[in-house]
Amino acid sequence: MTIRVVVADDQELVRSGFAMILAAQPDIEVVAEAGDGAEAVAAVRRHAPDVVLLDIRMPRMDGIEAARAICAESACKAVMLTTFDQDDYVYEALHAGASGFLLKDVRRDDLVHAVRVVVAGDSLLAPSVARRLVADFTSRGQAAAGPELAALTARERETLVLLGRGLSNAEIAAELVVSEHTVKTHVSNVLSKLGLRDRIQAVICAYETGLIAPGG
């Protein structure tokens, strides 16, 4: 399978650099480059890529707004790129529907890995980072448990709790004493029933519905 990617950044050297790194991989094709958020949205509509890399600060339309539009109308996974690592940018990006967040000084191998990870539907942020970010965010204002959780079976609910704690499939399998294949099925069911795009959103959901308390 070839992973199709759009790279969006208003700095041409940065944009072309990321594109060259990704295009050098045998399983990745860079189908378009964009210089701002509006161009990125148009490129995603035109080329239907699997992943779009979005700089957060761009003219005309910033990366957050572009991610919100892209994630609302397509299955394309958005990965945010920025030189700024303040938490607020991470919160905004994740709630816009982004599947991950990278600083622009990311290593070559980590950039390639990030693209492959989000296409696989896995979490891009390290579990410890995801827990800290979401716990800090939701502690500002907890939401009550939503009725959608009633759609989950007891085992799927357990799986969501463990996802919220940042466990990998292998760790969840060990915790529940089941196979990794069974865990993948549970994770898929959780995402489908709750209308979630990926594991990052599952982590957010676990906190926002009160299933896991911030800091817990």
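Keep in mind that this is a model prediction, so the values were computed, not measured.

### Some details on helix H9 (residues 180-194)
Taking 1.5 Å per residue as the helical rise, H9 with its 15 residues ought to reach 21 Å, and the 21 Å between its terminal C-alpha atoms agrees with that figure. All of the buried residues in H9 are Val 183, His 186, Val 187, Val 190, Leu 191 and Leu 194. All buried residues of H9 fall inside an arc of 130 degrees around its axis, so they share one side. Facing away from the buried side of H9, by more than 90 degrees, are the exposed residues His 181, Lys 184 and Ser 192. For H9, the secondary structure elements touched by its buried residues are helix H7 (154-164), helix H8 (169-176) and helix H10 (199-208).

### Topic: the sheet that holds strand E4 (residues 77-82)
Across the sheet, five strands lie side by side as E2-E1-E3-E4-E5; this open sheet has parallel pairing. The sheet is open, and its two edges are formed by strand E2 (28-34) and strand E5 (100-103), each paired on a single side. This sheet shows a mean twist of 25 degrees between the axes of neighbouring strands, independent of strand direction. For strand E1 (residues 3-8) and strand E3 (residues 51-55), the ladder comprises four bridges, and the chain directions are parallel.

### Overview of helix H5 (residues 108-119)
Taking 1.5 Å as the rise per residue, H5 with twelve residues should run 16 Å; its terminal C-alpha atoms sit 18 Å apart, in good agreement. Looking at H5, one finds that the buried residues are Leu 111, Val 112, Ala 114, Val 115, Val 117 and Val 118. Those residues of H5 that are buried are in contact with E1, helix H1 (12-23), E2, E3, E4 and E5.

### Observations regarding the nonpolar core
Side chains of nonpolar character tend, in soluble globular proteins, to be buried together. By size, the foremost hydrophobic cluster in this structure holds 31 residues, and its most contacted members are Val 52, Leu 54, Ile 70, Ala 78, Met 80 and Phe 101. Elements with a minimum of two residues in this core: E1, E2, helix H2 (37-47), E3, helix H3 (63-73), E4, helix H4 (87-95) and H10. For this core, the element with the most residues is H3, which contributes five residues. Among residues more than four places away in sequence, those in contact with Ala 78 are Val 52, Leu 54, Ala 67, Cys 71, Ala 98, Ser 99 and Gly 100. Leu 152, Leu 162, Ile 172 and Cys 205 belong to the second largest nonpolar core, which has 22 residues in total.

### Considerations on the packing of H7 against H9
Packing of H7 against H9 leaves a shortest axis separation of 9 Å and a crossing angle of 95 degrees. Put simply, H7 runs roughly perpendicular to H9. Contacts between H7 and H9 involve Arg 155, Glu 156, Thr 159, Leu 160 and Leu 163 on the former and, on the latter, His 186, Val 187, Asn 189, Val 190, Lys 193 and Leu 194. A per-class count over the contact of H7 with H9 returns five nonpolar, three polar and three charged.

Criteria and cut-off values
Residues numbered from 1 in each chain as written. Predicted model: local features only at pLDDT ≥ 70, side-chain atom pairs only at ≥ 80, totals over all residues. Heavy atoms only, no water. Helix = DSSP H or I, 4+ residues; strand = E, 2+ residues; numbered from the N terminus. Expected span 1.5 Å × (residues − 1). Buried < 20%, exposed > 50% of the residue type's maximum accessible area, 1.4 Å probe, protein only. Arc of directions from axis to C-beta. Contact = heavy atoms within 4.5 Å. Pairing = 2+ DSSP bridges. Axes fitted to C-alpha atoms, helices over the stretch in contact; angles between N-to-C directions. Core = buried A, V, L, I, M, F, W, Y, C linked by side-chain atoms within 4.5 Å. Parallel < 35°, antiparallel > 145°, perpendicular 65-115°, else oblique. Nonpolar A, V, L, I, M, F, W, Y, C, P; charged D, E, K, R; others polar.

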